[in-house]
Amino acid sequence: LPPQLVDMNDVSTPGKHYMFTGYPHKALGTVYGKRKIVGQLHSYTDRASETAIYTQIDANPTWNIAINFDAKRAKDDKGRTVTPKERKGMSGGGVWNFDDGIQLPGLPKIRLCGVGIEHHKKQKCLLATKINFVLESIRSGFPALAPFLPNSTTLEVVIEDKSR
């Protein structure tokens, strides 16, 4: 993914649009004899949750993104109300924001900003870790990769070796 399509400085404000993508485990199948797993990409788009939700789910808006998710009001691409697949298995899928903050001609106005990690049914939200936290952690742990990673202007991660 080109660095221009990665949002290393996403600020999750209530009402901002996000899309979670991934492969729910109930939507996967196995092609026996070919050692192959097949599945269909699922996505869910909604707005960022209110700030108060973060304390309810023990998360932090500095490195997390929470979006509203109510399975009873999910719709398909034709606008029909559907019952989505169980979210289990979607962890690790991309989270994308719809932000034209970069305003570069020819580039889509959607950028990778996080990695999905949890579904909180009671609070009706999906939770992600911001991509800047993930990539800055990689940068800190593997300095040789730093030249190949986009930079965050809002976060620095320092990994300490406590095994010594």
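For the structure itself, consult the block above.
What you see is a predicted model; the values in this text were computed from it and never measured. (Residues numbered from 1 in each chain as written. Predicted model: local features only at pLDDT ≥ 70, side-chain atom pairs only at ≥ 80, totals over all residues. Heavy atoms only, no water.)

S.K.: Mind showing me how you'd approach the nonpolar core here?
M.R.: Nonpolar side chains tend toward joint burial in soluble globular proteins. Formed by Tyr18, Phe20, Tyr44, Ala48, Ile65, Ile67, Phe69, Val95, Cys113, Leu126 and Ala128, the largest nonpolar core amounts to 11 residues. Listed by contribution, the elements that provide at least two residues to this core are strand E1 (17-22), strand E5 (64-68) and strand E8 (125-130). Ile53, Ala66, Cys125 and Leu127 belong to the second-largest nonpolar core, a separate cluster that totals seven residues. (Core = buried A, V, L, I, M, F, W, Y, C linked by side-chain atoms within 4.5 Å. Buried < 20%, exposed > 50% of the residue type's maximum accessible area, 1.4 Å probe, protein only. Helix = DSSP H or I, 4+ residues; strand = E, 2+ residues; numbered from the N terminus.)

S.K.: So what exactly am I meant to see when it comes to the pairing of strand E4 (residues 42-47) here?
M.R.: Every other side chain in a regular strand lies on the same face of the sheet, so the side chains alternate between the two faces. The side-chain alternation of E4 yields one buried face, formed by His42, Tyr44 and Asp46, and one unburied face, formed by Ser43, Thr45 and Arg47. Taken together, the six bridges between E1 and E4 define a ladder with antiparallel strand orientation. Residue pairing across strands places Tyr18 opposite Asp46, the latter belonging to E4. (Pairing = 2+ DSSP bridges.)

S.K.: Sorry if this is basic, but what is going on with the packing of aromatic side chains here?
M.R.: Aromatic ring pairs are reported here in terms of the distance separating the ring centres and the angle at which the planes meet. Applying the stated criterion across every chain, the model contains two aromatic pairs. Geometrically, the ring pair formed by Tyr44 and Phe69 is edge-to-face, given 4.6 Å between the ring centres and 80° between the ring planes. Within this pair, whereas Tyr44 is found in strand E4, its partner Phe69 is found in the loop between E5 and strand E6 (94-98), the two being separated by 25 residues in sequence. The pair Tyr44 / Phe69 is uniform in exposure class, with both members buried. A ring pair is formed by Trp63 and Phe133, whose centres lie 6.1 Å apart and whose planes are at 35°; its orientation type is tilted. Pair noted here: Trp63 is in the loop between helix H1 (53-56) and E5 and Phe133 is in helix H2 (residues 131-141), with a separation of 70 residues, a long-range link. What makes Phe133 partly exposed here is its relative accessible area of 30%. (Phe/Tyr/Trp six-rings, centres within 6.5 Å; stacked < 30°, edge-to-face > 60°.)

S.K.: Would you take a moment to explain H2 for this structure?
M.R.: Residues spaced three or four apart along an α-helix point in a common direction, a consequence of the helix completing one turn every 3.6 residues. Those residues of H2 not exposed but buried are Ile131, Asn132, Leu135, Glu136, Ser137 and Arg139. Against the buried residues of H2 lie strand E7 (110-120) and E8. (Contact = heavy atoms within 4.5 Å.)

S.K.: Honestly, the sheet that holds E7 in this entry has me stumped. Any pointers?
M.R.: Within a beta sheet, neighbouring strands are joined by backbone hydrogen bonds and run either parallel or antiparallel to one another. Read across the open sheet, the six strands follow the order E4-E1-E6-E7-E8-E5; overall the sheet is antiparallel. Two strands lie at the open edges of the sheet, namely E4 and E5, each paired on one side alone. Pairs of neighbouring strands in the sheet enclose a mean axial angle of 35°, with direction left out of account. Where E1 lies against E6, three bridges are found, and the strand directions are antiparallel. (Axes fitted to C-alpha atoms, helices over the stretch in contact; angles between N-to-C directions.)

S.K.: Explanation requested: the pattern of salt bridges in the structure shown.
M.R.: Pairs can form between side chains of opposite charge whenever their charged atoms are close. All told, the structure shown has three salt bridges when counted by the stated rule. As a salt-bridge pair, Lys16 and Asp10 come within 2.6 Å of each other at their nearest N and O atoms. Each member of the pair, Lys16 together with Asp10, is buried. Across the pair Arg139 and Glu136 runs a salt bridge, and its minimum N-O distance is 3.0 Å. Here the residue Arg139 and the residue Glu136 both occupy positions in helix H2, the gap between them amounting to three residues, near one helical turn. A relative accessible area of 15% means that Arg139 is categorised as buried. (Salt bridge = Lys/Arg side-chain N within 4 Å of Asp/Glu carboxyl O.)

S.K.: Sorry, what's going on with the environment of Thr45 here?
M.R.: If you trace the backbone, Thr45 turns up in strand E4. Thr45 gets classed as partly exposed once you look at its relative accessible area, which sits at 39%. For the pair Thr45 and His17, spaced 28 residues apart in sequence, the C-alpha separation works out to 7.1 Å. When residues no more than four places from it in sequence are discounted, the contact partners of Thr45 are Tyr18, Met19 and Phe98.

S.K.: Would you mind going over unusual backbone geometry with me for this structure?
M.R.: For residues other than glycine, phi is negative in most cases, and the peptide bonds are mostly trans. In this model, Asp58 sits at a positive phi of 55°, which is unusual for a non-glycine residue. Locating Asp58 in the fold gives a position in the loop between H1 and E5.

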